[in-house]
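What follows is the residue order along each chain.
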Amino acid sequence: MAEPAPGQKELIQAFWLEYQRQCDVKVPGFAASALGHSRALADELAELIVAGIKRAHASLERDFTTDNDALPQPGDHLVVLDGRGRPRAIVRNSHVERRHFDEIDDAFAFEAGEGDLSLRWWLTAHRQDFAERAEREGFQVGERAVLVLEYFECVWPQGPAP
């Protein structure tokens, strides 16, 4: 997951504060990140979340251990950024689990909301993405790679984006 672009922190903070004010929510903290490892993919995934199609996301567990980030927990909030680092949505985790790549099922692929929503599409796309990252970053990945699955609901904006 990518960090906010320089100069966007004020925009992200204002987005977060508006969510708390409009929804009468008091949450002590949040994270902000783009999902996906390219600008185009971050834009696509943010749009799927805003549209209510994408309700889950998978990350390699190593992404958290490499960056010394704590694993996500139910109740955690994430400001989802687009490819330019602008806030597009806020999601709140409802369930988090660890699962091996080869244990991903149809239900998760559907909730992930990508491609044609099928397990076959999800496995093909993520095998390629993880393999490319592994080659580029110098690590090994395979069918027994541990993934962190986050199931979430989009809590802001409410309803489809204008």
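Structure: above.
Residues numbered from 1 in each chain as written. Predicted model: local features only at pLDDT ≥ 70, side-chain atom pairs only at ≥ 80, totals over all residues. Heavy atoms only, no water.

Caption draft 1: Examining the overall build of the protein more closely. Within the protein, the secondary structure is distributed over 5 helices and 5 strands. In sequence order, the protein lays out its α and β elements as α-β-α-β-α-β-β-α-α-β. In summary, the protein has a C-alpha radius of gyration of 15 Å against a globular reference of 15 Å for 162 residues, a match within 12%. Summed over all atoms, the accessible surface of the protein reaches about 8800 Å², with 51% contributed by carbon and sulfur. For the protein, the centre of its 18 positive side-chain charges and the centre of its 28 negative side-chain charges are spaced 3 Å apart. (Helix = DSSP H or I, 4+ residues; strand = E, 2+ residues; numbered from the N terminus. Rg over C-alpha atoms; globule rule 2.2 N^0.38 Å. Areas by Shrake-Rupley, 256 points an atom, 1.4 Å probe, with all protein chains shown as cover. Lys, Arg positive; Asp, Glu negative; His and termini not counted. Charge placed at Lys NZ, Arg CZ, Asp CG, Glu CD.)

Caption draft 2: Representation of helix α1 (residues 9-23). Over its 15 residues, α1 runs 21 Å from end to end, which matches the ideal 21 Å to within 8%, given 1.5 Å per residue. Within the sequence span of α1, burial applies to Ile12, Phe15, Trp16, Tyr19 and Gln20. Viewed along the axis of α1, the buried residues span an arc of 130°, placing them on a single side of the element. The exposed set on the far side of α1, more than 90 degrees from its buried face, consists of Glu10 and Arg21. At the C-terminal side of α1, Asp24 shows a positive phi close to 50°. (Expected span 1.5 Å × (residues − 1). Buried < 20%, exposed > 50% of the residue type's maximum accessible area, 1.4 Å probe, protein only. Arc of directions from axis to C-beta.)

Caption draft 3: Highlighting the nonpolar core. Counting residues in hydrophobic clusters, the biggest one holds 18 residues, and the most contacted among them are Ile104, Phe108, Trp122, Leu147 and Leu149. For this core, the secondary-structure elements that each account for two or more residues are β2 (56-60), α4 (106-112), α5 (119-137) and β5 (146-156). If one sorts the elements of this core by residue count, α5 sits on top with 5 residues. Filtering out sequence-adjacent residues up to four positions away, Phe108 remains in contact with Ala56, His57, Ala58, Arg99, Trp122, Leu149 and Tyr151. Core analysis: the next-biggest nonpolar cluster, separate from the first, contains 14 residues, Tyr19, Val25, Ala42 and Leu81 among them. (Core = buried A, V, L, I, M, F, W, Y, C linked by side-chain atoms within 4.5 Å. Contact = heavy atoms within 4.5 Å.)

Caption draft 4: Layout of the pattern of salt bridges. On inspection of all chains with the given rule, the structure shows 15 salt bridges. Between Glu137 and Arg133 there is a salt bridge, and its shortest N-O distance comes to 3.4 Å. One end of the pair, Glu137, and the other, Arg133, are both in helix α5, 4 residues apart, so they sit about a helical turn from each other. The class for Arg133 is buried, based on a relative accessible area of 3%. Among the charged side chains, a network of salt bridges with common partners joins Arg62, Asp63, Arg133 and Glu137. (Salt bridge = Lys/Arg side-chain N within 4 Å of Asp/Glu carboxyl O.)

Caption draft 5: A look at the side chain of Glu61. As for its placement among the helices and strands, Glu61 is situated in helix α3 (residues 61-66). If near-sequence neighbours (up to four positions away) are discounted, Glu61 is found in contact with Leu71, Arg98, Val146, Leu147 and Val148.

Caption draft 6: Molecular detail of α5. Between its first and last C-alpha atoms α5 spans 26 Å; for 19 residues at 1.5 Å apiece the expected length is 27 Å, and the two agree. Within the sequence span of α5, burial applies to Leu119, Trp122, Leu123, His126, Phe130, Arg133 and Ala134. In a view along the axis of α5, the buried residues occupy a sector of 110°, so they form one face of it. When the buried face of α5 is taken as reference, the exposed residues oriented beyond 90 degrees from it are Arg120, Glu135 and Arg136.

Caption draft 7: Inspection of the sheet that holds β2 at higher detail. Pairing in this open sheet of 5 strands is mixed, and the strands run β1-β3-β4-β5-β2 from one edge to the other. The strands lining the two open edges of the sheet, one partner per strand, are β1 (31-34) and β2. Going from strand to strand, the sheet's axes swing by 40° on average, the running direction of each strand aside. As judged from the 4 bridges shared by β1 and strand β3 (residues 77-81), these two strands associate in the parallel manner. Within β3, the residue paired with Ala31 across the bridge is Leu78. Of the strands in this sheet, β1, β3, β4 (87-100) and β5 touch α1, which is tilted by about 85° from β4. (Pairing = 2+ DSSP bridges. Axes fitted to C-alpha atoms, helices over the stretch in contact; angles between N-to-C directions.)

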